[in-house]
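Observations on the model geometry
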Amino acid sequence: MKKKSNEQIVDLKTQPIPEGHHLLEVDNLKMYFHTEDGVVHAVDGVSYTLDRGETLGVVGESGSGKSVTAKTLMGLIPMPPGKIEGGDALYRGQSLLSMSEEQMQSVRGNDIAMIFQDPMTSLNPVYKIGRQVGEGLRLHRGYTKEQAEQRAIELLDLVGIPEPEKRVKEYPHQFSGGMRQRVMIAMALACDPDILIADEPTTALDVTIQAQILEVMQEMQQKNGNAIIMITHDLGVVADMADKIMVMYAGRPVEFGTADEIFYNPRHPYTWGLIRSIPEQAIDEKQPLTPIPGNPPSLVNLPKGCPFAPRCVYAKPICHEQCPEHHTTETGHYSACHFADDLEFLKNAPDTSRSRKNNVAAVEEMNMVGGEE
């Protein structure tokens, strides 16, 4: 539980970013869960920076720590069993981890907003859509009920929901899955947040609706200049959207760089596996997907050495004995692999130029077919 505070709550979004700081700075963040089975190393040393107008893609398999990292920033992890074991997260130079609950309530939805993973369960079934979209406005901006409903109508129209004046008075069960996800985006954007965290925003949606959702988010970013953290298990989703990409495995970042560096010059075998698992638009013949063998390790009993070594077809004895350090280039592109600087080893990387080209073509085709629901 966070301690209560009688301090005056300041809207950090109105404060200038201190010189030498970024909009968001996550430094060696560690979040562990203490359970009867042992200590779960859910987030173990995550670091990155984010500025206004940037999009960060956080990619990895289920259980890699993507969502836990985001919920830690939002102060949504119950403690216990969760416990912050190290690191910090600064928003406009202010530590999110040391804020009181009152201060975090002023940040959530207003400064940093989150689109949760499942739109089917994230909306309250007993409240009308207009009330749920306008709740943040009444809480953070002091809107009246009438003002909040009018703004909710504008937001629903903004995210492409037809007849918003009518739909604002309806309940979640009267909306399709794609419509509910649009409502979630409208709720998250209601207070014009500095940072929008989108946790698997296109899960369980067909490709047409997926393209529309991503397009709405990009349009909102271009209009408001907010930063986006896009959490996904699919590199293809962030191929044409992210400026920077962080690849996570077993609670740790294993590679980080610009989108071009990750796609055109990947330096970690796990990233290679994710790229090879992206379906390609083969013209001559259908190509089988190349899965990553094995399963992710237990976060209670991590293997000795590199966590990915038991599944890595390129692993050598040192990989099973010694945990690799980050090998960082001059541009800040880093990889947690013993052989990230070995040119002969890097020749095993997939033909990423072709993968990237095909994937971008797929995104463009999705945008062309994306029309009315």
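The preceding data block contains the structure.
What comes next concerns the included structure. (Residues numbered from 1 in each chain as written. Predicted model: local features only at pLDDT ≥ 70, side-chain atom pairs only at ≥ 80, totals over all residues. Heavy atoms only, no water.)

1. Looking at a positive patch on the surface
Together, Lys128, Arg131, Arg138 and Lys145 make up a positively charged patch on the protein surface. Within the secondary structure, Arg138 sits in helix H4 (residues 129-140). Arg138 gets classed as partly exposed once you look at its relative accessible area, which sits at 44%. (Patch = residues over 30% accessible without salt bridge, like charges linked within 9 Å, V, L, I, M, F, W, Y side chains within 5 Å. Areas by Shrake-Rupley, 256 points an atom, 1.4 Å probe, with all protein chains shown as cover. Salt bridge = Lys/Arg side-chain N within 4 Å of Asp/Glu carboxyl O. Lys, Arg positive; Asp, Glu negative; His and termini not counted. Charge placed at Lys NZ, Arg CZ, Asp CG, Glu CD. Helix = DSSP H or I, 4+ residues; strand = E, 2+ residues; numbered from the N terminus. Buried < 20%, exposed > 50% of the residue type's maximum accessible area, 1.4 Å probe, protein only.)

2. Thoughts on unusual backbone geometry
For the bond running from Met79 to Pro80, omega is -10°, close enough to zero to count as cis. Here Pro80 is to be found in the loop between helix H1 (66-73) and strand S4 (82-91). A cis amide bond, omega 10°, links Pro80 with the succeeding residue Pro81. Relative to the helices and strands, Pro81 resides in the loop between H1 and S4. One non-glycine residue, Arg92, lies in positive phi territory at about 50°. Residue placement: Arg92 occurs in the loop between S4 and strand S5 (94-95).

3. Comments concerning the pattern of salt bridges
What the rule picks out here adds up to 12 salt bridges. Of the charged contacts, one joins Glu149 and Lys169 as a salt bridge, the two residues approaching to 2.9 Å between their closest N and O atoms. Placement of Glu149 in helix H5 (residues 145-158) and of Lys169 in the loop between helix H6 (164-167) and helix H7 (177-189) is noted, with a sequence separation of 20 residues between them. Ionic contacts of the salt-bridge type, sharing partners, join the residues Arg52, Arg92 and Asp194 into one network.

4. Some words on H5
Along an α-helix, residues three or four apart share an orientation, since each turn contains 3.6 residues. In a regular helix each residue adds 1.5 Å, so 14 residues correspond to 20 Å; H5 covers 20 Å between its end C-alpha atoms and thus fits that length. Regarding H5, the residues found buried are Ala148, Ala152, Ile153, Leu155 and Leu156. The buried residues of H5 all sit within an arc of 165° when viewed along its axis, so they share a single face. Facing away from the buried side of H5 by over 90 degrees, the exposed positions are Glu146 and Asp157. (Expected span 1.5 Å × (residues − 1). Arc of directions from axis to C-beta.)

5. Details of the nonpolar core
Judged by nonpolar contacts, the single largest core of 103 residues is most densely connected at Leu24, Tyr48, Leu96, Ile195, Leu235 and Ile245. Considering each element in turn, this core owes the most residues, 7 residues, to H7. Sequence-distant contacts of Ile245, that is, excluding residues within four places in its chain, are made with Leu56, Gly57, Val59, Leu235, Val238, Glu255, Phe256, Gly257, Ala259, Ile262 and Phe263. (Core = buried A, V, L, I, M, F, W, Y, C linked by side-chain atoms within 4.5 Å. Contact = heavy atoms within 4.5 Å.)

6. So, the side chain of Thr69
With respect to the secondary-structure elements, Thr69 resides in helix H1. The class for Thr69 is buried, based on a relative accessible area of 4%. Within the structure, the side chain of Thr69 is placed 2.7 Å from the backbone oxygen of Gly65, a separation counted as a polar contact. In this view, Thr69 contacts Leu29, Val43, Val46 and Met248; residues no more than four positions away in its chain are not counted. (Polar contact = N/O pair within 3.5 Å; in protein donor to acceptor, adjacent residues only side chain to side chain.)

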